[in-house]
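Fold and geometry: a report
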Amino acid sequence: RTLAHILTTHHLQARYDGFTALDDVTLTVPPGHITAIIGPNGAGKTTLFHCLAGTHRPAHGQVLLGTRDITRLPAHARTRLGIARTFQQLAVFPSLTVADNVRVGAEQGRVRDPAAVERALRLLGLDGPLRSMPAADLPTGTLRRVELARALAGSPRVLLLDEPAAGLDTAEVTALARVLKALAADGTALLVVEHDLDLVADLADTVHVMAAGRIVASGPPDRVLDVAGSQETPV
Ligand code: ATP
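Residues numbered from 1 in each chain as written. Predicted model: local features only at pLDDT ≥ 70, side-chain atom pairs only at ≥ 80, totals over all residues. Heavy atoms only, no water.

Turning our eyes to something else, we now look at helix α5 (residues 140-152). If you check α5, its first and last C-alpha atoms are 18 Å apart, about what 13 residues at 1.5 Å a residue would give, namely 18 Å. The element α5 is largely enclosed, with a buried count of 11 among its 13 residues. What α5 keeps buried is the set Gly 141, Thr 142, Leu 143, Arg 144, Val 146, Glu 147, Leu 148, Ala 149, Arg 150, Ala 151 and Leu 152. Contacts from the buried residues of α5 go to β6 (83-86), α3 (98-108), α4 (114-123), β7 (158-162) and α6 (170-185). (Helix = DSSP H or I, 4+ residues; strand = E, 2+ residues; numbered from the N terminus. Expected span 1.5 Å × (residues − 1). Buried < 20%, exposed > 50% of the residue type's maximum accessible area, 1.4 Å probe, protein only. Contact = heavy atoms within 4.5 Å.)

In this section: the sheet that holds strand β1 (residues 7-16). The strand order β2-β1-β4-β5 describes an open sheet built from four strands, whose pairing is antiparallel. The strands lining the two open edges of the sheet, one partner per strand, are β2 (19-29) and β5 (68-69). As judged from the seven bridges shared by β1 and β2, these two strands associate in the antiparallel manner. Counterpart to Ala 14 in the pairing with β2 is Leu 22. Taken strand by strand, helix α1 (residues 45-53) contacts β1, β2 and β4 (60-65), and its axis lies near 115° from that of β1. (Pairing = 2+ DSSP bridges. Axes fitted to C-alpha atoms, helices over the stretch in contact; angles between N-to-C directions.)

That is the geometry; function is a separate question.
Written out as structure tokens, the structure is:
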């Protein structure tokens with residue numbers, strides 16, 4: 001059953017006009033695992049997310065969900081298949097309440113299940129008084145939770161998270177880590193782009209390091225983060 005929900009790319013290449021932003025990217029995002037992507041600004045991390053979510057059409061290569069080739073499926077069709085994402089730039093609806101924002105995720109998701117909406121609100125601590133507050137009035141940390149809850153409300157199999165810890169304080173990062181580990185333990189496949197390397201070390205089963213559009217190192221965090229760290233050490 002879970003084999004049907006492995007997200008893979010094969011030799012993915014993406015371009016903007018003449019510029020190659022992703023080159024020969026082959027990776028696997030397995031269910032029950034947290035896969036992290038790290039790398040400097042401009043490495044191609046966001047472009048990879050666009051290719052996985054269906055908001056950028058790759059020039060070459062494939063994106064597969066299980067054995068199904070989804071390279072040419074539009075974004076909304078991928079969401080229906082269970083690929084949900086959050087954005088680096090928060091994208092909540094400011095005039096809607098927290099609960100209504102989360103319901104939007106269920107409308108667009110794999111299954112439309114009111115119980116999943118309540119589960120997502122509860123998991124992210126949004127089921128109290130916060131649920132009926134307009135999103136416009138809320139601080140960044142809470143909005144990140146709203147966005148994650150909205151992604152979860154459609155019961156996704158694959159979760160793509162673009163810098164989920166950006167703007168969070170230490171306590172919020174700890175809470176986020178707990179939620180993401182629980183989702184993985186439940187069988188969700190998580191792909192996380194993250195600059196906070198302590199969080200990556202704590203969370204990730206596998207880390208891929210990207211630079212200039214390519215994956216330049218892959219492995220468990222204790223091995224890969226050592227390499228990434230030593231490259232930054234001044235001589
Ligand atoms: P960041 O950490 O800053 O988000 P990133 O690793 O996500 O960086 P991308 O945003 O994927 O990197 O960008 C990869 C490369 O593609 C960069 O050199 C960027 O300037 C270029 N690029 C991104 N979007 C476009 C676009 N719409 N048109 C032209 N070039 C683009």
